[in-house]
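In case you want the letters, here they are:
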Amino acid sequence: MKENRCIHCGAIIPEGRFSCYICEKSKLSKHDKVMMGLKDIANALNIDIDYIEDEEHQYLICDGQKICTTYLTLKEIRQEFFGYVFIKEWKYKCDHDFYKKFINYIKLYWE
């Protein structure tokens, strides 16, 4: 049986949750939580990431590509990151008719 783990610290957590109670209650900023969850994966894939919060918007920046993540949860930010990884890794490998529509859907909130 696969263990469910916190996306921030790796602690074992109940089924259906994405983060442990300690990470949820801690005073970590959203920037810190995002970076904790994605930094190791990004380093393994040679992707330079950062998370920027200004007064109106929040952005995940992957290799200079700004992805708007305003009002997104940590899980949704992670999904946007993996959308970037998918496009980066499969950019020239797919020749399907719907590939362009699929890529445009992934890039919906990119700037």
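S.K.: Explain the sheet that holds strand β1 (residues 49-53) here, please?
M.R.: Remark on secondary structure: sheet strands pair via backbone hydrogen bonds, oriented parallel or antiparallel. As summarised here, the arrangement of the three strands in space is β1-β2-β3, forming an open sheet in which the pairing is antiparallel. Either end of the sheet is taken by a strand with one partner, and the two such strands are β1 and β3 (65-68). Each adjacent strand pair in this sheet contributes to an overall mean axis angle of 25 degrees, direction not counted. Looking at chain direction, β1 and strand β2 (residues 58-62) are connected through five bridges and run antiparallel. Each bridged residue has a counterpart across the sheet, and for I52 the counterpart in β2 is Y59. Sitting on the sheet, helix α2 (residues 30-44) touches β1 and β2, and the angle it makes with β1 is about 165 degrees. Strand contacts of helix α3 (residues 74-90): β1, β2 and β3, with the helix running at about 30 degrees to β2, the strand carrying the most contacts.

S.K.: Looking at this model, I keep getting lost on the packing of aromatic side chains. Mind explaining?
M.R.: Two aromatic rings are characterised by how far apart their centres lie and by the angle between their planes. For the structure on display, the rule yields one aromatic pair. The ring of Y59 carries the charged tip of K66 above its face, separated from the ring centre by 4.2 Å.

S.K.: What exactly am I supposed to notice about helix α4 (residues 99-106) here?
M.R.: Note: α-helices contain 3.6 residues per turn, so residues at a spacing of three or four share the same orientation. Turning to α4, its buried residues number three or more, namely Y99, I103 and I106. All buried residues of α4 lie within an arc of 60 degrees about the axis, which places them on one face of the element. Turned more than 90 degrees from where α4 packs its buried face, K100, K101 and Y105 sit exposed.

S.K.: Looking at this structure, how should I read the pattern of salt bridges?
M.R.: Between side chains of opposite charge, a pair can form as their charged atoms come close. Scanning the model with the defined rule gives one salt bridge in all. Linking D63 and K88 is a salt bridge whose minimum nitrogen-to-oxygen distance equals 3.8 Å. In this pair, D63 is assigned in the loop between β2 and β3 and K88 in helix α3, connecting sequence segments 25 residues apart. Judged by relative accessible area, K88 falls into the partly exposed class, the value being 33%.

What counts, and where the lines are drawn
Residues numbered from 1 in each chain as written. Predicted model: local features only at pLDDT ≥ 70, side-chain atom pairs only at ≥ 80, totals over all residues. Heavy atoms only, no water. Pairing = 2+ DSSP bridges. Helix = DSSP H or I, 4+ residues; strand = E, 2+ residues; numbered from the N terminus. Axes fitted to C-alpha atoms, helices over the stretch in contact; angles between N-to-C directions. Contact = heavy atoms within 4.5 Å. Phe/Tyr/Trp six-rings, centres within 6.5 Å; stacked < 30°, edge-to-face > 60°. Lys NZ or Arg CZ within 6 Å of the ring centre and 35° of its normal. Buried < 20%, exposed > 50% of the residue type's maximum accessible area, 1.4 Å probe, protein only. Arc of directions from axis to C-beta. Salt bridge = Lys/Arg side-chain N within 4 Å of Asp/Glu carboxyl O.

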